[in-house]
Amino acid sequence: MVKVKICGITNYRDAADAVDCGADALGFVLAKSPRQITISKAKAIIQKLPVFAIKIGVFVNAPLQEVRSALHYCGFNLAQLHGDESKQYFRSLSPYALKTFRAENETIVEKIRSYDVRSFLLDAFNPRLYGGTGQLVNLNLARKASKLGNMLLSGGLTPENVCRIISLVKPYGVDVSSGVEKR
């Protein structure tokens, strides 16, 4: 069964509804984004959620100590590193980190290999934004990357296209955000 992560959670009702509908994980964006949430609001929501829901803090190029502090303070299970974090930075948080790679071109396959990850997230590439763009990921690159480990696929997934894309790419899971929000 394909795992589902709902990202960009900003309030308890959406978080509870996502869990009730079967979401395996919830993402709380602590980086600059239309879906950004404060650390105190994330903590307040997380404290009300079931223990078995995986809570993920999403960071973009944040100082390492800030990430560690947020993991502890909020009770995140994982830190999703969605920026240009180095291998050393990633490894210092392992096994409590999930690295995101943006699929710009064929070199992404080697970059993923170089991080030596079992699980990772693949997102669409945008030269100005790190994620949440609604752009569809390059499906040819996604198919190649899915063979490298437990890949969560993100980028342009909607209720209308997700089943077709899952059957084509065969990811371990999907990460949806803007494609499932109303506003």
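The structure this text deals with has already been given above.
Figured I'd write up the structure that's included with this text. (Residues numbered from 1 in each chain as written. Predicted model: local features only at pLDDT ≥ 70, side-chain atom pairs only at ≥ 80, totals over all residues. Heavy atoms only, no water.)

**Some thoughts on the packing of aromatic side chains**
Under the convention used in this document: The criterion for an aromatic pair is that two Phe, Tyr or Trp rings (for Trp, the six-membered ring) have centres within 6.5 Å, with stacked assigned to planes under 30 degrees apart, edge-to-face to planes over 60 apart and tilted to the rest. Under the DSSP-based scheme used, a helix requires at least four consecutive residues in state H or I and a strand at least two consecutive residues in state E, with every element numbered from the N terminus. Buried means the residue's accessible area, taken with a 1.4 Å probe over protein chains only, is under 20% of the maximum for its type, while exposed means over 50%, and partly exposed covers the values in between.
Per the counting criterion, the structure on display carries five aromatic pairs. Between phenylalanine 28 and phenylalanine 76, the aromatic rings sit 6.0 Å apart at their centres with planes inclined by 45 degrees, giving tilted as the arrangement. Placement of the pair is phenylalanine 28 in strand 2 (residues 25-29) and phenylalanine 76 in the loop between helix 3 (64-74) and strand 4 (78-81), with a sequence separation of 48 residues. Taking the relative accessible area as the measure of exposure, phenylalanine 28 reaches 0% and is therefore buried. Here the aromatic rings of phenylalanine 59 and phenylalanine 76 are separated by 6.5 Å at their centres, their planes lie at 90 degrees, and the arrangement is edge-to-face. Within this pair, whereas phenylalanine 59 is found in strand 3 (residues 54-59), its partner phenylalanine 76 is found in the loop between helix 3 and strand 4, the two being separated by 17 residues in sequence. Judged on exposure class, the residue phenylalanine 59 and its partner phenylalanine 76 are both buried.

**Focus on the pattern of salt bridges**
Test applied: A carboxyl oxygen of Asp or Glu within 4 Å of a side-chain nitrogen of Lys or Arg is what we treat as a salt bridge.
A complete count under the given rule lists five salt bridges for this structure. For arginine 13, the salt bridge is made with aspartate 17, and the minimal N-O distance between the two is 3.0 Å. In this pair, arginine 13 and aspartate 17 both sit in helix 1 (residues 12-20), four residues apart, roughly one turn of the helix. Note on arginine 13: relative accessible area 46%, which makes it partly exposed. Using a relative accessible area of 35% as the deciding quantity, one classes aspartate 17 as partly exposed. Across the pair glutamate 85 and lysine 99 runs a salt bridge whose closest N-O atoms are separated by 3.1 Å. Of the two residues, glutamate 85 sits in the loop between strand 4 and helix 4 (87-93) while lysine 99 sits in strand 5 (residues 97-103), which places them 14 residues apart along the sequence.

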